[in-house]
Amino acid sequence: MIYWVLKKIFLGPVLKVLFRPWTKGLDNLPIDGPAVLASNHLSFSDSIFMPLMVPRPVVFLAKSDYFTGRGIKGRLTAAFFKLTNQLPMDRSGGAASANSLQTGVEVLNGGGLLGIYPEGTRSPDGRLYRGKVGVAKLILTANVPVIPVAMIGTDKVQPIGRRIPSIRRLGVIFGEPMDFSRYQGMADDRFVQRSVTDEIMYELMRLSGQEYVDSYASTIKDKLAAEKSAKSATAKDGDSIKTAADAVRIEPTAILAPGAVTVIGAKKAAPVPETGAEAEAVAGAEGAAKPAADAASESAVEASPGDPEATTR
């Protein structure tokens with residue numbers, strides 16, 4: 001009830017006026033009966049605009065983190081996802097993920113439309129990444145058709161990390177139904193699961209025009225996060241080394257007199273410029289001192305008993 005109120009009265013009309021979403025291939029959607037809507041995933045807003053454009057209600061499998069947030073923001077997010085027909089999807093693998101997929105099978109067995117993102121997470125750079133085989137197992141277990149869906153421009157409306165979307169037009173393309181009934185009874189075959197998944201991803205690539213990357217988006221995200229962390233650590237280490245160098249700085253060109261006290265970290269005082277009178281006085285003193293030093297040197301030579309020339313004069 002609340003889903004229809006939001007879609008038809010409050011949220012839906014406002015979003016359509018602001019973002020003017022366009023659609024293509026709506027006639028490929030079944031009027032009734034179960035089907036899986038497999039979509040590329042560019043933005044958080046994909047889960048809003050795609051079901052908005054589908055006449056029938058769509059139940060989405062969304063990551064479980066959206067349902068376990070803390071604080072006011074976390075609770076509001078969880079409430080929004082529950083009110084918009086979205087179910088938590090545990091992506092940790094094993095029994096937890098299997099239980100989440102079984103929840104999706106129950107939706108399909110009830111004749112509903114189930115939305116899912118084969119990539120498992122949002123694309124970090126707008127490209128299309130390798131699909132996970134869970135979607136194939138779900139489809140083969142429920143034995144239902146697949147409607148490939150291409151979201152266009154939602155990454156420009158609300159890129160990763162942006163909370164408030166920008167107002168611009170976006171689109172949704174619904175491809176022709178895909179039938180995998182030929183693999184009936186082979187839901188647990190890993191090779192069949194990969195073949196079905198790759199076929200779906202190829203169709204999404206064709207509809208969306210995205211560049212395909214044969215790697216998991218989650219792996220690329222982890223790699224980018226590790227590189228960012230390493231750069232941050234390197235920058236901090238560089239600041240620490242610079243601080244230590246500034247704290248213990250010795251001028252290599254400074255010549256210290258014997259017995260002089262060196263203060264670690266002290267900066268060399270700048271020389272005070274001499275006035276004209278002071279410079280002349282210093283020059284005169286140096287000039288007077290030089291003849292006296294020469295005379296003293298000659299006297300010392302004459303008085304030296306070891307000098308043969310001095311004794312013969």
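Each value, and the rule that gives it
Residues numbered from 1 in each chain as written. Predicted model: local features only at pLDDT ≥ 70, side-chain atom pairs only at ≥ 80, totals over all residues. Heavy atoms only, no water. Helix = DSSP H or I, 4+ residues; strand = E, 2+ residues; numbered from the N terminus. Buried < 20%, exposed > 50% of the residue type's maximum accessible area, 1.4 Å probe, protein only. Areas by Shrake-Rupley, 256 points an atom, 1.4 Å probe, with all protein chains shown as cover. Core = buried A, V, L, I, M, F, W, Y, C linked by side-chain atoms within 4.5 Å. Contact = heavy atoms within 4.5 Å. Phe/Tyr/Trp six-rings, centres within 6.5 Å; stacked < 30°, edge-to-face > 60°. Lys NZ or Arg CZ within 6 Å of the ring centre and 35° of its normal. Pairing = 2+ DSSP bridges. Axes fitted to C-alpha atoms, helices over the stretch in contact; angles between N-to-C directions. Patch = residues over 30% accessible without salt bridge, like charges linked within 9 Å, V, L, I, M, F, W, Y side chains within 5 Å. Salt bridge = Lys/Arg side-chain N within 4 Å of Asp/Glu carboxyl O. Right-handed = clockwise from strand over helix to strand, strands pointing away. Polar contact = N/O pair within 3.5 Å; in protein donor to acceptor, adjacent residues only side chain to side chain. Expected span 1.5 Å × (residues − 1).

Draft legend 1. Summary view of the overall build of the protein chain. Tallying secondary structure elements over the protein chain gives 10 helices and 9 strands in all. Counting only residues that meet the buried cut, the protein chain has 34% of its 313 residues in that class. Here the protein chain has roughly 19000 Å² of accessible surface; of this, 59% comes from carbon and sulfur atoms.

Draft legend 2. Spatial organisation of the nonpolar core. The biggest cluster of nonpolar side chains holds 29 residues, and the ones touching the most others in it are Phe180, Val196 and Ile200. Put simply, the parts of the chain that give this core at least two residues each are strand 2 (35–39), strand 3 (58–63), helix 4 (94–109), strand 5 (113–116), helix 5 (134–142) and helix 7 (190–208). Looking at which element gives the most residues to this core, the answer is helix 5, with 6 residues. Residues within four places of Ile200 in sequence aside, it is in contact with Ala38, Pro118, Ile139, Val146, Met178 and Phe180.

Draft legend 3. Examining the packing of aromatic side chains more closely. According to the stated counting rule, one finds 3 aromatic pairs in the structure shown. Pairing Tyr3 with Trp4 gives two aromatic rings, centres 5.7 Å apart and planes at 80 degrees, and the pair type is edge-to-face. Given a relative accessible area of 9%, Tyr3 falls into the buried group. Among the residues examined, Trp4 registers a relative accessible area of 35% and is labelled partly exposed. Its guanidinium or amino end placed over the ring of Tyr216, Lys132 lies 6.0 Å from that ring's centre, counting from NZ or CZ.

Draft legend 4. The arrangement of the sheet that holds strand 3 in detail. Spatially, 7 strands are ordered 1-8-7-2-5-3-4 in an open sheet, and the strand pairing comes out mixed. Two strands lie at the open edges of the sheet, namely strand 1 (22–24) and strand 4 (86–89), each paired on one side alone. When the angles between neighbouring strand axes are averaged without regard to direction, this sheet yields 25 degrees. Pairing of strand 3 with strand 4, which is carried by 4 bridges, proceeds in the parallel orientation.

Draft legend 5. A nonpolar patch on the surface, seen in detail. Residues Ile9, Phe10 and Leu11 make up a contiguous nonpolar surface patch of about 300 Å² in total accessible area. Turning to its location among the elements, Leu11 is positioned in helix 1 (residues 2–19). Relative accessible area serves as the criterion here: at 32%, Leu11 is assigned to the partly exposed category.

Draft legend 6. Broad picture of the pairing of strand 3. Extensive coverage of strand 3 is indicated by the burial of 5 of its 6 residues. As judged from the 3 bridges shared by strand 3 and strand 5, these two strands associate in the parallel manner. The residue of strand 5 that forms the bridge with Val58 is Leu113. Taken together, strand 3, helix 3 (residues 71–83) and strand 4 constitute a β-α-β crossover, and its handedness is right-handed.

Draft legend 7. Highlighting the side chain of Ser47. Following the sequence through the fold, Ser47 ends up in helix 2 (residues 46–53). For Ser47, a relative accessible area of 11% puts it in the buried group. Within polar-contact distance, the side chain of Ser47 engages the side chain of Tyr117 at 2.8 Å. Non-local contacts of Ser47, meaning those with residues more than four positions away in its chain, are made with Phe60, Gln86 and Tyr117.

Draft legend 8. Expanded view of unusual backbone geometry. Positive phi outside glycine occurs at Arg20, with the angle close to 45 degrees. Residue position: Arg20 is located in the loop between helix 1 and strand 1. Residue classification places Arg20 among the partly exposed residues on the basis of a relative accessible area of 46%. Phi angles above zero are rare outside glycine, and Asn143 is one such case at about 55 degrees. Counting through the fold element by element, Asn143 comes out in the loop between helix 5 and strand 7 (146–152).

Draft legend 9. Broad picture of helix 3. In a regular helix each residue adds 1.5 Å, so 13 residues correspond to 18 Å; helix 3 covers 18 Å between its end C-alpha atoms and thus fits that length. Looking at the buried residues of helix 3, the elements they touch are strand 3 and strand 4. Phi turns positive one or two residues past the end of helix 3, at Asn85, with a value near 60 degrees.

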